[in-house]
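Residue-level listing of the chains:
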Amino acid sequence: MTDLEIMEGITEVVREALDDDTIILTPSSVAGDFAGWDSFKNIAIVVATEMRFGVKFRTAEIESLKEIGDFVALIRKKKGA
Amino acid sequence: MSVSDLWWLPENPQWSDEVRALGGAAGWDRFVSLANCRMDFLRTERLDKLARKNFGEHAPTGLALPAVRLAILGSSMVSHLIPAIRVAFMRRGMWAEIYTNPFGQYLQDLMDPASALHAFKPNAILFAFDARHALGKANAGRDAAASDRAVEDAADHCAHVWNMARQDFACPIIQQTILPLFPALLGSNEHRLPGSPQAMTRRINQRIRERADEAGVDILALDTRAMEDGLGNWHDPVLWHRAKIEIAPPMAPLYGDLVARIVAAQRGRSYKCLVLDLDNTLWGGVIGDDGIEGIVLGQGSSEGEAFIAFQDYAQRLSERGIILAVCSKNDETIALTPFARHPDMVLKRSSFAAFIANWSDKATNLRAIAAEINIGLDALVFADDNPFERNLVRRELPMVAVPELPEDAAFYAKCIADGGYFESVRMTGEDFSRAGQYQANAEREFARQATADLPAYLKSLEMEMRVTPFDSVGQARITQLINKTNQFNLTTRRYAERDVEAAMADKDTVTFQIRLTDKYGDNGMIAVVIAKPSSRPGELMIDTWLMSCRVLGRQVEQATLNLLVGEASKRGYRALVGEFRPTEKNGLVRDHYAKLGFEQDGANDAGGSFWRLPVETYIPVDTHIKIGEN
């Protein structure tokens with residue numbers, strides 16, 4: 001799975017979760033860039049991403065995520081393992 | 001099937017487009033229709049958000065059912081469940097406003113007459129305690145007496161808050177049982193350790209049920225659901241530690257539906273009647289074609305056992321007061337034979353309050369069933385294996401519940417049960433005697449009503465028909481259809497595979513094998529035609545014309561005739577000649593040629609008739625079927 005495919009998957013989840021089909025994510029995007037992406041919504045996004053890619057993040061891993069790029073790298077690592 | 005996305009509801013392939021179209025002035029009915037599609041928690045939240053954008057905080061005007069004002073009083077985070085609860089009420093045509101207490105402070109909310117809860121004025125209350133809160137301080141070393149006291153204390157606390165709620169709000173109360181999320185300390189014999197949190201959870205849930213029965217409070221059985229769906233689906237410890245979320249967000253759609261179905265049941269809004277198709281729903285195969293010996297039912301095959309299990313489930317529903325009815329495309333006499341003669345049938349003719357087997361469309365027949373039993377269409381649940389029939393009914397009669405039966409009959413009962421259509425909060429003597437009342441009510445008169453809006457439905461199906469001459473790939477299936485089809489079969493001539501080969505090789509014989517696809521998938525080979533030069537010059541004689549009853553009423557006959565006339569004309573014939581040879585089972589096609597515009601042209605040796613259609617003056621019939629390229 002390429003980074004591009006992972007990014008597309010995350011984008012679809014985020015668009016659905018924030019009800020905004022115009023959202024475009026880049027590796028340096030952070031939650032604060034988008035209206036409505038609060039800590040509560042973040043839980044839904046993380047859980048939906050886990051389901052979509054069939055992975056499970058550890059508590060510590062979730063806490064270390066800062067930018068979308070970190071998210072992509074974590075999923076790539078999980079899928080590669 | 002995924003438990004979290006309401007798998008008994010149909011998938012909507014156009015979901016994203018339809019959701020985008022919801023902005024602005026979209027009506028409530030559009031929302032209700034989308035709420036009746038399969039959806040995960042993100043889609044559920046989005047639908048809720050759009051509904052609130054459209055309608056604001058208050059119910060749209062003109063709704064038939066009064067708005068629900070539900071207060072959820074809980075000890076942990078529940079706000080992530082609220083959108084799904086609102087959507088679950090929307091699924092039932094009900095507008096819901098939902099209140100939750102400030103985190104953890106449900107007691108203050110109940111006690112203070114000036115609280116936001118009192119201002120909200122709920123007309124339904126749900127108590128939702130997380131497991132740690134309900135159990136209090138655990139100590140595995142406690143002795144039996146101390147543990148008994150702790151169990152009783154937990155149940156007392158529930159009864160206490162019910163009383164407080166009763167005093168201030170005269171409304172129905174629901175108590176959620178505790179999720180059994182504590183790991184074992186002993187193992188299988190956990191019950192021998194009185195102070196074990198796992199053992200105490202089970203005992204507290206038992207006591208809550210008993211106290212709820214005494215107090216007239218209804219239960220939301222989360223513990224039972226955890227058993228059915230797996231605790232791992234319901235609870236994710238990571239989310240508990242992060243945000244005190246006890247119920248995992250992906251389960252929100254199911255949780256919301258569990259809440260809404262209980263509130264609906266308290267208000268008498270449950271379904272009352274299960275309407276069953278016959279072929280491939282109550283038994284495997286087609287009774288009209290396969291006969292009493294050929295249908296798959298009962299001992300000897302796993303599929304047959306699965307149909308028995310489904311009949312058993314329907315029988316149990318009937319014993320507890322759900323009305324049963326039959327709605328089948330069949331000849332009534334043939335449809336009744338398994339009930340009279342098949343030794344493995346669980347259901348009997350007398351199990352049904354209405355039994356309609358004919359060739360009309362099912363929307364019309366469901367109207368007749370509702371009228372005959374004298375209940376509303378919105379009390380019917382329609383179970384049919386055929387996606388065509390299910391979608392027709394959903395479109396024509398949106399108030400009828402139509403579960404998306406899975407392909408494997410082994411899961412039919414679970415599909416109906418998971419859908420929660422027959423949720424009831426209490427049983428009365430009348431419920432137990434209802435089955436008997438309808439057995440006595442055997443005489444029936446069903447009115448033919450106006451046909452449903454079929455053309456629009458057929459158009460929406462995007463049907464495509466592909467017609468090719470016989471070939472070696474299709475040969476086996478062609479032979480099977482020729483030897484198995486009894487009902488839609490004009491002459492019932494049986495041919496072996498080498499006869500089919502001979503027809504294939506003969507340049508003067510016209511052969512059609514016909515396949516039909518629609519937007520729901522490929523129906524496979526559904527019709528076969530063989531036509532040969534007649535002994536009278538200039539006439540093409542239709543030797544064989546048969547079709548699977550699954551595609552009846554979809555204009556396949558008309559489209560086939562268009563092609564047949566085209567072929568006859570190309571070959572220089574002046575007329576088509578058809579023949580009807582009656583058998584015990586093909587009464588359905590007695591008027592086939594008359595309906596297609598043929599003129600009767602004499603009788604045959606089988607007590608049937610010949611029919612003639614001039615080729616030159618034939619005007620092709622408009623159908624909603626596209627003819628595919630070969």
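Here is what the cut-offs are and how they apply
Residues numbered from 1 in each chain as written. Chains lettered and ligands numbered in written order. Predicted model: local features only at pLDDT ≥ 70, side-chain atom pairs only at ≥ 80, totals over all residues. Heavy atoms only, no water. Helix = DSSP H or I, 4+ residues; strand = E, 2+ residues; numbered from the N terminus. Buried < 20%, exposed > 50% of the residue type's maximum accessible area, 1.4 Å probe, protein only. Contact = heavy atoms within 4.5 Å. Axes fitted to C-alpha atoms, helices over the stretch in contact; angles between N-to-C directions. Parallel < 35°, antiparallel > 145°, perpendicular 65-115°, else oblique. Left-handed = near helix turned anticlockwise from the far one by under 90°. Domains from an automatic or database assignment. Buried area = accessible area lost by both parts, 1.4 Å probe. Expected span 1.5 Å × (residues − 1). Phe/Tyr/Trp six-rings, centres within 6.5 Å; stacked < 30°, edge-to-face > 60°. Salt bridge = Lys/Arg side-chain N within 4 Å of Asp/Glu carboxyl O. Polar contact = N/O pair within 3.5 Å; in protein donor to acceptor, adjacent residues only side chain to side chain. Nonpolar A, V, L, I, M, F, W, Y, C, P; charged D, E, K, R; others polar. Core = buried A, V, L, I, M, F, W, Y, C linked by side-chain atoms within 4.5 Å. pLDDT = per-residue confidence, 0-100. Pairing = 2+ DSSP bridges.

Colleague: Honestly, the overall build of chain B in this entry has me stumped. Any pointers?
Modeller: Along the backbone of chain B there are 25 helices and 17 strands. For chain B, the C-alpha atoms occupy an extent of roughly 100 × 55 × 45 Å along the three principal directions. Residues counted as buried form 56% of the 630 residues belonging to chain B. Counting contacts in chain B only where the partners sit at least 6 residues apart, residues at least 24 apart contribute 74% of the total.

Colleague: For this particular structure, what's the right way to read the packing of helix H4 (residues 82-91) of chain B against helix H13 (residues 252-266) of chain B?
Modeller: All names here are of chain B. Between H4 and H13, whose axes approach to 7 Å, the crossing angle comes to 50°. The angle between H4 and H13 falls in the class oblique. Viewed along their axes, H4 and H13 form a crossing whose handedness is right-handed. Facing Ala84, Ile85, Ala88, Phe89 and Arg91 of H4, the residues of H13 in contact are Ala252, Pro253, Tyr255, Gly256, Asp257, Val259, Ala260 and Val263.

Colleague: I keep staring at the domain arrangement of chain B and nothing clicks. Help me out?
Modeller: Many structure descriptions define interface size as the accessible area lost when the parts assemble. Residues and elements named next belong to chain B. Structurally, chain B comprises domain 1 (3-266), domain 2 (273-452) and domain 3 (457-627). Summarising the inter-unit geometry, the C-alpha centres of domain 1 and domain 2 are found 33 Å apart. Every contact between the two is made by 13 residues of domain 1 and, on the other side, 16 residues of domain 2. Taking both partners together, domain 1 and domain 2 bury about 1200 Å²; carbon and sulfur atoms supply 55% of that area.

Colleague: Please explain helix H2 (residues 39-53) of chain A as it appears in this structure.
Modeller: In this model, H2(A) (15 residues) spans 21 Å end to end at C-alpha, consistent with the 21 Å of a helix rising 1.5 Å per residue. Restricting attention to buried positions, one finds in H2(A) the residues Lys41(A), Ile43(A), Ala44(A), Ile45(A), Val46(A), Val47(A), Ala48(A), Thr49(A), Glu50(A) and Phe53(A). Those residues of H2(A) that are buried are in contact with helix H1 (3-18), helix H3 (59-64) and helix H4 (68-80) of chain A together with helix H3 (41-55) and helix H12 (237-243) of chain B. Two residues or fewer past H2(A), Gly54(A) is found with a positive phi of approximately 65°.

Colleague: Hey, could you run me through the packing of aromatic side chains in this one?
Modeller: For any two aromatic rings, the description comes down to two numbers: the centre-to-centre distance and the angle of the planes. Residues and elements named next belong to chain B. Scanning the entire structure with this criterion turns up 19 aromatic pairs over all chains. An angle of 65° between the planes, with centres 5.2 Å apart, marks the rings of Phe31 and Phe55 as edge-to-face. In this pair, Phe31 sits in helix H2 (residues 28-35) while Phe55 sits in helix H3, placing the two residues 24 residues apart along the sequence. Comparing Phe31 with Phe55, the two get one shared label, buried. Aromatic side chains Phe339 and Phe355 sit 5.4 Å apart centroid to centroid with 80° between the ring planes, which places their arrangement in the edge-to-face category. Here Phe355 lies in strand E8 (residues 354-358) and Phe339 lies in helix H16 (residues 332-341), a separation of 16 residues in the sequence. For the residue pair Phe339 and Phe355, the accessibility class agrees, reading buried in each case. Connected via pairs of aromatic rings, a cluster forms that spans Trp28, Phe31, Phe55 and Trp95.

Colleague: Any chance you could explain the interface of chain A and chain B here in plain terms?
Modeller: Facing the 19 residues of chain A at the interface are 22 residues of chain B. Area buried by chain A at its contact with chain B is led by Glu16(A), Asp19(A) and Ile43(A), which between them contribute 36% of it. Inspection of the region where chain A meets chain B yields 8 salt bridges. Here Asp21(A) ties to Arg20(B) by a salt bridge, and the two come within 2.6 Å at their closest N and O atoms. Where chain A packs against chain B, one counts 8 residue pairs in polar contact (both at pLDDT 80 or more). Taken together, the elements giving at least two residues each to the side of chain A that touches chain B come down to H1, H2 and H3 of chain A. Here the side of chain A that touches chain B takes 8 residues from H2(A), the largest share from any one element. Its residues assigned to classes, the side of chain A that touches chain B shows 10 nonpolar, 2 polar and 7 charged.

Colleague: What should I look at first to understand the nonpolar core in this one?
Modeller: For soluble globular proteins, nonpolar side chains are generally found buried alongside one another. Residues and elements named next belong to chain B. Leu47, Leu70, Phe127, Trp162, Trp234, Tyr255 and Leu274 are the most contacted members of the largest nonpolar core, which totals 157 residues. Looking at which domains feed residues into this core, each of domain 1 (3-266) and domain 2 (273-452) gives three or more. Excluding its chain neighbours within four sequence positions, the residues that come into contact with Leu47 are Trp15, Leu22, Phe31, Leu34, Ala35, Met39, Val87 and Met90. Ranked by size, the runner-up nonpolar core spans 45 residues in total, among them Phe388, Leu458, Val467 and Val615.

Colleague: Would you explain the confidence of the model for chain B in this entry?
Modeller: Note that predicted coordinates carrying low pLDDT should not be read in detail. Residues at a pLDDT of 70 or more form 95% of chain B, whose mean pLDDT is 91. Note on residues 440-451 of chain B: pLDDT is under 50 here. Beyond four places in sequence and across chains, it has 19 contacts.

Colleague: It is not clear to me how the sheet that holds E8(B) should be interpreted in this structure. Could you clarify?
Modeller: The strands making up a sheet associate through backbone hydrogen bonding, with each pair oriented either parallel or antiparallel. All names here are of chain B. The 4 strands lie next to each other as E8-E7-E6-E9, forming an open sheet whose pairing is parallel. The sheet is open, and its two borders are formed by E8 and strand E9 (380-383), each paired with just one other strand. Along the sheet, successive strands turn relative to each other by an average axial angle of 20°, direction set aside. Pairing of strand E6 (residues 273-276) with strand E7 (residues 323-329) involves 4 bridges; the strand directions are parallel.

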